Amino acid sequence: MDETALGLRASANAFLSQYEPLTLVLTPVVGLLVAILLHFIIHFLLENGIKRSFVGLIMGAVKLVPGVNKYIEGEKQKVVDKLQSGIKCKRESWQTELPHIGLGREVIGRLTSQKEKDVNWQGRCSGTVYIGGHESEGHFLLTNEAYSMFSHTNPLHLDVFPSIAQFEGEVVAMTASLLGSKEEASGGQVCGNMTSGGTESILLAVKTTRDYMKIKKGIKKPEMVIPESAHSAYDKAAQYFNIKLWRVPVNEEFQADVKKIRRSINKNTIMIVGSAPGFPHGIIDPIEELGELALNFGICFHVDLCLGGFVLPFARKLGYPLPCFDFAVQGVTSISVDVHKYGLGPKGTSVVLYRNREIRKANCCLDPQHQFVAVTEWSGGLYVSPTVAGSRSGGLIAGAWAAMMSLGLEGYMEHTRVLMETSKRIQNGIKEISELFIIGKPHMTVIAFGSKVIDIFKVNDVMSSKGWHLNALQKPSSVHICVTLQHTPVVEDFLIDLKESVKIVKEEPGTIEGGLAPIYGAAEKMPDRGMVQDLIVAFMDSTC
Ligand SMILES: *Cc1c(COP(=O)(O)O)cnc(C)c1O
């Protein structure tokens, strides 16, 4: 040992001899415990939002005061009752047991009278039913006929119903070809499946991506980063599939903020999301920039075309200046697109698409199967199913196929032309109402608007009393109309009613009672989001 080493040892000994041996052992242990505790606290605060955790903690403490919890529960019940009173069907008259003797065809009469309870959606609902005008009757007849011809079939039994397998393959291929599958940039391998709706398409894309990224990058604690405006289906996916979700605020144009998204990406990130357009404000996220980001980080990128998939490709062909949004953008790994919205298919039809087959299913038999579930050890036989549902109705698939084939490119182009013009007329009309402002620059057929001078939710309530059904939005408080073919003939009525509603709210705000305004108003001001969550869950629980 040389001189310096000896010197070091001597001074180390001198230093250590000042302490009790037990302290020497305990100090690092205590240090470690403190570090772990701090780590958990910081993690909890970041995960739940610092402000939110703080409010939650205080509310938790307040609720410990005797009587407070009971009071809060009572108030909650009042709001739930209020929400309930807005729903027209009352439970008392519900049938809760099978009729002893079957009613036979009499049920049709019962169905007819039950139908009268529903809102007359013709012309006055935002979104909801997308077909309209003189065409709608023929279109319903046709898709319903297609549905009824195949309602009893089940694509699970491929050997029995090869017709349905072909319809599904054709719907997927035709949809994919609208979204860049035929472009060179896509690699020519796009594949997909039909699902029950946008939510299922998104659930599957997220689940598949999670499994794919586990194999590809070994990510075991998956996280995803989405803009604040992305659909709530991603929260559902995160909850179902145990993925940590980061919702990132949008930029001033109400688009995904690429810089902020970049900052939220870490080694556990499996995917980012962009919408074309987003449901709240109808604005397309910067898909090309997000695609580049995904490529740079080697992660997946889902584009939500649930709403835009059967409008944007045609609007582009019509010459509307639109940013890129499909598989032609490098980096896009999956897409969801609803046939049951602007595709005008029956409710319960959507498509999930992947850039290639490797993402949808692993090549090695030992890997998880990504989207598919294959079971080899079941006494019920060898089982493989592509989507969430086991049995599915071939009727829906046939209905979607019939809708697409009967309309064709020309049909969708004409619809899109009308929809885009109707949307423009409504936007121009809203711009003329000085109390209102439009949120961002809508790219297609969803127009969100708010107000700096009056309560927009009260405007919504007055509009409801005039028979309009718009969507209430938050952050910022606003409402939107999702323009459908039903709105073309009633644009003027809509604008007149909107102008008048604004006037009423401005001049006599006190006269408007009930409706959604008090609930949204309260939710807006409630700092404890856990309470808002409790409230809407209590409402759901009371309805079924
Ligand atoms: C409608 C919609 C969804 C969800 O679709 P569902 O069919 O209601 O499940 C997802 N994303 C966007 C942008 C949508 O408009």
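Residues numbered from 1 in each chain as written. Predicted model: local features only at pLDDT ≥ 70, side-chain atom pairs only at ≥ 80, totals over all residues. Heavy atoms only, no water.

The next thing to look at is the site of the ligand. Of all residues adjacent to the ligand, which total 13 residues, the nearest are Gly198, Thr199, Asp304, His340 and Lys341. One nitrogen or oxygen atom from the main chain of Gly198 is found 2.9 Å from an oxygen atom belonging to the ligand. Take Lys341: an N or O atom from its side chain is 2.9 Å from an oxygen atom of the ligand. For the shell around the ligand, the element with the most residues is helix 8 (residues 198–217), which contributes 3 residues. (Near = heavy atom within 4 Å. Polar contact = N/O pair within 3.5 Å; in protein donor to acceptor, adjacent residues only side chain to side chain. Helix = DSSP H or I, 4+ residues; strand = E, 2+ residues; numbered from the N terminus.)

Our focus in this paragraph is the pairing of strand 5 (residues 300–304). Most of strand 5 is tucked away, with 5 of its 5 residues classed as buried. Across the two faces of strand 5 the burial is the same, with Cys300, His302 and Asp304 and Phe301 and Val303 all buried. Direction of pairing for strand 4 (residues 269–275) relative to strand 5: parallel, over a ladder of 5 bridges. In the sheet register, Val273 faces strand 5, and the bridge partner there is His302. Sheet analysis places strand 5 next to strand 6 (residues 334–338), joined by 3 bridges and oriented parallel. Following the sheet pairing, Asp304 is matched in strand 6 by Ser336. (Buried < 20%, exposed > 50% of the residue type's maximum accessible area, 1.4 Å probe, protein only. Pairing = 2+ DSSP bridges.)

Inspection of the secondary structure puts Gln486 in the loop between strand 13 (478–482) and helix 16 (491–507). Residue Gln486 is classed as buried on the basis of its relative accessible area of 6%. For Gln486, the side chain forms a polar contact with the main-chain oxygen of Val129, separated by 3.0 Å.

This brings us to the packing of helix 6 (residues 135–150) against helix 14 (residues 394–431). One way to put it is that helix 6 packs onto helix 14 with a least axis distance of 5 Å and a crossing angle of 150°. Comparing their axes, helix 14 and helix 6 come out roughly antiparallel. The crossing of helix 6 and helix 14 is right-handed. Here Glu135, His139, Leu142, Thr143, Ala146, Tyr147 and Phe150 of helix 6 lie close against helix 14, whose contacting residues are Gly394, Gly395, Leu396, Ala398, Gly399, Ala402, Ala403, Ser406, Leu407 and His415. Its residues assigned to classes, the contact of helix 6 with helix 14 comprises 9 nonpolar, 7 polar and 1 charged. (Axes fitted to C-alpha atoms, helices over the stretch in contact; angles between N-to-C directions. Parallel < 35°, antiparallel > 145°, perpendicular 65-115°, else oblique. Left-handed = near helix turned anticlockwise from the far one by under 90°. Contact = heavy atoms within 4.5 Å. Nonpolar A, V, L, I, M, F, W, Y, C, P; charged D, E, K, R; others polar.)

Note on sheets: strands pair through backbone hydrogen bonds, and any given pair is parallel or antiparallel. Pairing in this open sheet of 7 strands is mixed, and the strands run 1-7-6-5-4-2-3 from one edge to the other. Edge positions in the sheet fall to strand 1 (191–195) and strand 3 (244–248), since each of these pairs with one other strand and no more. Geometrically, the sheet is characterised by an average inter-axis angle of 20° between neighbouring strands, direction not taken into account. Its contacts with the sheet place helix 8 against strand 1, strand 2 (223–227), strand 4, strand 5, strand 6 and strand 7 (350–354), and it is angled at close to 20° to strand 7.

Turning our attention to unusual backbone geometry. The amide bond that connects Ala276 to the next residue, Pro277, takes the cis arrangement and shows omega of -10°. At Leu344, a residue that is not glycine, the phi angle is positive and equals roughly 65°. Structurally, Leu344 is set in the loop between strand 6 and strand 7.

Turning our eyes to something else, we now look at the sheet that holds strand 10 (residues 436–438). Here we have 4 strands laid out as an open sheet, ordered 10-11-13-12, and antiparallel in their pairing. Unpaired on one side and paired on the other, strand 10 and strand 12 (471–473) mark the two borders of the sheet. Between one strand axis and the next, the sheet turns by 35° as a mean value, whatever way the strands run. Strand contacts of helix 15 (residues 456–465): strand 10, strand 11 (446–451), strand 12 and strand 13, with the helix running at about 40° to strand 13, the strand carrying the most contacts.

Right, let's get into the side chain of Asn460. With respect to the secondary-structure elements, Asn460 resides in helix 15. Accessibility expressed as a relative area gives 4% for Asn460, which makes it buried. Setting aside chain neighbours within four positions, we find Asn460 in contact with Leu470, Ala472, Val479 and Leu516.

In this structure the tally under the stated criterion is 8 aromatic pairs. On the numbers, 6.2 Å between centres and 90° between planes, the contact of Tyr240 with Phe241 is edge-to-face. Note on Tyr240: relative accessible area 55%, which makes it exposed. In this structure Phe241 comes out as buried when scored by relative accessible area, which is 17%. A network of ring pairs unites the aromatic residues Phe150, Phe167 and Trp401 as a single cluster. Lys452 extends its terminal NZ or CZ atom over the ring of Phe437, reaching a point 4.5 Å from the ring centre. (Phe/Tyr/Trp six-rings, centres within 6.5 Å; stacked < 30°, edge-to-face > 60°. Lys NZ or Arg CZ within 6 Å of the ring centre and 35° of its normal.)

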